[in-house]
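Close look at the chain arrangement
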Amino acid sequence: MTTIIISIMIVLLLLGFPMMIPLVTAAFVGFYMTFGGLGQMETLIQQMMGGIRPTALIAVPMFILAADIMTRGQSAGRLIDMVMSFVGHIKGGLAVSTATSCTLFGAVSGSTQATVVAVGGPLRPRMLKAGYKDSFTLALIINSSDIAFLIPPSIGMIIYGIVSGTSISELFIAGIGPGLLILAMFSMYCVGYAIVNNVPTEPKATWRQRLTTMQKALWPLGFPVLIVGGIYGGIFSPTEAAAACVFYAILLEFLIFRSLKMQDIYAIAKSTGLITAVVFILVAVGNGFAWIISFAQVPQTLLALFGINEAGPVGVLAAISVAFFVACMFVDPIVVILVLTPIFAPAIAASGLDPVLVGVLITLQVAIGSATPPFGCDIFTAIAIFKRPYWEVIRGTPPFIFMLILSAVLIIAFPQIALFLRDLAFR
């Protein structure tokens, strides 16, 4: 049955069907083969509905809504101006500012696509004018935006936490260290690139200008304080923090900045509703699929086939890294988390690995895969937003992918990169 289910999914994907169709089809075929018919189909439907029942999922549309409001407003621009005023004058400062702005906006949105739009839109023209190649600029924006998958609030971590039963609060704080590590790597590469290519620097801002940009950015910087401080101060749960984030975004963009008007609410709500519907359909179908393959012992069969159960903790982490990285090169990250996490669950439990460490590594791998050819989803987001050809978008990605893979190796070798802050807050 394992071969049949995998073959069905591969064939339907190659035929161009959206991911929910291969998942549903494979789940129904697996159900038919396991139970000898479709007479108890309501059981599978109940499993699908159970996938979207956890209250923690309420945080997903809330963070999507907050990100949509901020993307259309002034929050991203104010964060960019602040970062530019401090590092824009150093060699490679504009590129470093872009990476840092992506990290900061990821810390207030949790969405890679929203970060590409909000930061890439205003900064790409400035980088091109400053003398950076477009291939480097596009690769920097795409890969820096993936830091949003690690820095809280991370939608990918929310999905993993629900699927695996891991604390979302612990996952959030554990992602901060790896996110900052990647930002440091990207920044050093940007400085080296600018030196080698003799890219001109930006004019140095005065301390008065820096103070002005800091004052303007204080309100947007309240988002990470609200989320991280609220959760770890015991004021909010992650779900409540998401609702507070929406309220804060509305307060900023509609009342304080006055960048949005009442007539914008419909477009924002429509966009959020469409994205949320897609996410929840995938979660529901993915949960049904995961139940079928677990009931049919597919994970145990695959793990035994590749000898992962006997590989030990490091071997299991390496196998997880490869599997999630390759899968996200072809499939949406949320789907990959929903499908592969249950498959590796027996090996993770048997090896005694910390589920928070595993969650951070999985989140990092889906972030890498999302920006990796041939079908990484952030590549096509950039193509749609910047109207550039596929080959130009992916040409500059190899150095960034190498750095991201190196960060994964470092996390496996030194788990405290991810677990230090978690242990400090919860142990």
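The following paragraphs examine the structure supplied in this document. Only a predicted model underlies this, so the values are computations on that prediction, with no experimental measurement involved.

**Regarding the pattern of salt bridges**
Applying the stated criterion across every chain, the model contains 7 salt bridges. The salt bridge partner of arginine 72 is aspartate 68, with a shortest N-O separation of 2.8 Å. Here aspartate 68 and arginine 72 lie together in helix 4 (residues 59-72), a separation of 4 residues that amounts to about one turn. Look at arginine 72 and you get partly exposed, because its relative accessible area is 39%. The class of aspartate 68 is buried, set by a relative accessible area of 11%. When the shortest N-O distance is used, the salt bridge between aspartate 134 and arginine 388 registers 3.5 Å.

**Comments concerning empty space enclosed by the protein**
One pass over the structure, following the stated rule, counts 1 cavity of 30 Å³ or more. In this structure, the largest cavity is lined by Gly88, Ile90, Lys91, Gly92, Gly93, Leu94, Ala130, Tyr132, Val199, Pro200, Thr201 and Glu202. Looking at the lining of the largest cavity, its residues break down into 6 nonpolar, 4 polar and 2 charged.

**Quick look at a nonpolar patch on the surface**
Residues Val11, Leu15, Phe17 and Ile21 make up a contiguous nonpolar surface patch of about 350 Å² in total accessible area. Looking at where valine 11 falls in the secondary structure, it is placed in helix 1 (residues 2-14). Accessibility expressed as a relative area gives 47% for valine 11, which makes it partly exposed.

**A few points about the side chain of serine 101**
Assignment of secondary structure puts serine 101 in helix 6 (residues 93-109). Serine 101 sits in the buried class, given a relative accessible area of 1%. Beyond its immediate chain neighbours, meaning those up to four positions away, serine 101 contacts Leu79, Ile80, Val83, Val119 and Leu123.

**Some remarks on the packing of aromatic side chains**
Throughout the structure, instances matching the rule amount to 14 aromatic pairs. Note on tyrosine 132 and phenylalanine 136: the rings are 5.7 Å apart at their centroids and 15° apart in plane angle, and the pair reads as stacked. Look at phenylalanine 136 and you get buried, because its relative accessible area is 4%. Pairing phenylalanine 324 with phenylalanine 344 gives two aromatic rings, centres 6.1 Å apart and planes at 35°, and the pair type is tilted. Of this pair, phenylalanine 324 sits in helix 16 (residues 312-328) while phenylalanine 344 sits in helix 17 (residues 333-351), and the two are 20 residues apart along the sequence. Phenylalanine 344 carries the same exposure label as phenylalanine 324, and that label is buried. Pairwise contacts between aromatic rings join Tyr132, Phe136, Phe186, Tyr189, Tyr193 and Phe400 into one cluster. Positioned above the aromatic ring of phenylalanine 257 is the side chain of arginine 78, whose terminal nitrogen or guanidinium carbon lies 3.7 Å from the ring centre. Here the basic side chain of arginine 210 rests over the ring of tryptophan 207, its NZ or CZ set 4.5 Å away from the ring centre.

**Examining the environment of threonine 112**
When you line up the elements, threonine 112 lands in helix 7 (residues 112-130). Given the relative accessible area of 2%, threonine 112 is considered buried. With 51 residues separating them in the primary sequence, threonine 112 and valine 163 have C-alpha atoms 21 Å apart. In contact with threonine 112, not counting residues within four places along its chain, are Ser145, Asp146, Ala148, Phe149 and Asp378.

What counts, and where the lines are drawn
Residues numbered from 1 in each chain as written. Predicted model: local features only at pLDDT ≥ 70, side-chain atom pairs only at ≥ 80, totals over all residues. Heavy atoms only, no water. Salt bridge = Lys/Arg side-chain N within 4 Å of Asp/Glu carboxyl O. Helix = DSSP H or I, 4+ residues; strand = E, 2+ residues; numbered from the N terminus. Buried < 20%, exposed > 50% of the residue type's maximum accessible area, 1.4 Å probe, protein only. 1 Å grid on protein atoms, 1.4 Å probe; cavity = no way out; pocket = protein on both sides within 12 Å on 5 of 7 lines; lining within 4 Å. Points joined across faces, edges and corners; volume = space filled by probe spheres on them. Nonpolar A, V, L, I, M, F, W, Y, C, P; charged D, E, K, R; others polar. Patch = residues over 30% accessible without salt bridge, like charges linked within 9 Å, V, L, I, M, F, W, Y side chains within 5 Å. Areas by Shrake-Rupley, 256 points an atom, 1.4 Å probe, with all protein chains shown as cover. Contact = heavy atoms within 4.5 Å. Phe/Tyr/Trp six-rings, centres within 6.5 Å; stacked < 30°, edge-to-face > 60°. Lys NZ or Arg CZ within 6 Å of the ring centre and 35° of its normal.

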